[in-house]
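For reference, the chains in residue letters:
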Amino acid sequence: MASAPARRSGWIPWAFVAFMGLVAAVNGVMVYLALSTFTGTTIDRAYERGRRYNEVLAEAERQAAFGWRFELRWAPATEPNKGRLVVAATDRHGAPLEGLAIEGKVLRPLGRPAPIPLALTQAGSGRYVAPVTLDGAGQWEVRLAARRGADGPVEFRERIIVR
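Residues numbered from 1 in each chain as written. Predicted model: local features only at pLDDT ≥ 70, side-chain atom pairs only at ≥ 80, totals over all residues. Heavy atoms only, no water.

(A) Representation of the overall build of the protein within the structure. Helix and strand counts for the protein come out as three helices and eight strands. The N-to-C order of helical and strand elements in the protein reads α-α-α-β-β-β-β-β-β-β-β. Scaling as 2.2 N^0.38, a compact globule of 163 residues should have a C-alpha radius of gyration of about 15 Å, whereas the protein reaches 29 Å, well beyond that. Over its C-alpha atoms, taken along the principal directions, the protein stretches across nearly 110 × 45 × 25 Å. The buried share of the protein, reckoned over its 163 residues, is 24%. At a minimum sequence separation of 6, the contacts of the protein that also span at least 24 residues come to 56%. Accessible surface, the protein: about 11,900 Å² in total, of which carbon and sulfur atoms supply 58%. Charge-centre separation for the protein: the mean point of 22 positive side chains lies 10 Å from the mean point of 15 negative side chains. (Helix = DSSP H or I, 4+ residues; strand = E, 2+ residues; numbered from the N terminus. Rg over C-alpha atoms; globule rule 2.2 N^0.38 Å. Buried < 20%, exposed > 50% of the residue type's maximum accessible area, 1.4 Å probe, protein only. Contact = heavy atoms within 4.5 Å. Areas by Shrake-Rupley, 256 points an atom, 1.4 Å probe, with all protein chains shown as cover. Lys, Arg positive; Asp, Glu negative; His and termini not counted. Charge placed at Lys NZ, Arg CZ, Asp CG, Glu CD.)

See below:
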């Protein structure tokens with residue numbers, strides 16, 4: 001009696017099993033990477049801050065009552081990543097604000113590397129200047145707090161692009 005010829009297509013089911021195993025392995029790696037990297041929050045304790053949103057609105061209204069306006073300008077130096085932050089401060093009528101104590105920091109929007117502290121000095125006519133050396137080009141966020149005597153603080157935030 002003659003034996004039946006060997007099936008040449010016996011590998012096809014195993015190819016499907018191997019392909020599904022590969023898909024499961026890649027999905028497992030992607031899930032691990034998604035859960036072990038960026039958390040998706042840009043501030044700590046976002047839930048508690050959201051519940052206190054009325055306090056945030058009241059603070060914004062208090063600061064707006066001062067009528068102080070700030071205009072920020074990045075003046076690059078000849079060396080890469082070095083320059084000056086120039087802040088023009090005016091009151092609600094456009095008159096320069098003299099005698100402010102302005103402190104702040106420059107940081108990356110997502111918090112890495114560590115913030116760079118700023119201490120601005122008055123340069124006359126409502127202008128305040130701080131020399132800054134940044135860690136690299138790109139997007140930076142400037143956060144300032146201005147006081148004058150018992151007035152303040154009035155906070156100001158603006159993002160700048162450094163090339």
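What follows picks up the thread again.
(B) Structural context of the sheet that holds strand E4 (residues 116-119). Strand order in the open sheet formed by four strands is E4-E3-E7-E8, and the pairing between neighbours is antiparallel. In this open sheet, the two edge strands, each paired with only one partner strand, are E4 and strand E8 (151-162). The average undirected angle you get between the axes of adjacent strands in this sheet is 20 degrees. (Pairing = 2+ DSSP bridges. Axes fitted to C-alpha atoms, helices over the stretch in contact; angles between N-to-C directions.)

(C) Inspection of the layout of surface pockets at higher detail. For the largest pocket, the calculated volume is near 540 Å³. Taken together, 19 residues form the lining of the largest pocket, with Glu59, Gln63, Glu155, Phe156 and Arg157 sitting closest to its centre. Of all the elements in the fold, those that place two or more residues in the lining of the largest pocket are helix H3 (53-66), strand E1 (69-76), strand E3 (101-107), strand E7 (138-148) and E8. Top contributing element to the lining of the largest pocket by residue count: H3, with five residues. A breakdown of the residues in the lining of the largest pocket according to their chemical character gives nine nonpolar, three polar and seven charged. (1 Å grid on protein atoms, 1.4 Å probe; cavity = no way out; pocket = protein on both sides within 12 Å on 5 of 7 lines; lining within 4 Å. Points joined across faces, edges and corners; volume = space filled by probe spheres on them. Nonpolar A, V, L, I, M, F, W, Y, C, P; charged D, E, K, R; others polar.)

(D) Inspection of the pairing of E1 at higher detail. Here E1 pairs with strand E2 (residues 82-90) via eight bridges, running antiparallel. By the bridge assignment, Glu71 is partnered in E2 with Ala88. Linking two consecutive strands that pair antiparallel, namely E1 and E2, is a turn of five residues; a positive phi of about 65 degrees is found at Asn81 within it.

(E) Local environment of the nonpolar core. If you look at the biggest cluster of nonpolar residues, it comprises 26 residues, and the most contacted ones within it are Phe70, Leu85, Leu100 and Leu118. Among the secondary structure elements, those contributing two or more residues to this core are E1, E2, E3, E4, strand E6 (127-133), E7 and E8. Among all residues touching Leu100, those that are not within four sequence positions of it are Trp68, Phe70, Ala89, Tyr128, Ala146, Arg147 and Arg148. (Core = buried A, V, L, I, M, F, W, Y, C linked by side-chain atoms within 4.5 Å.)

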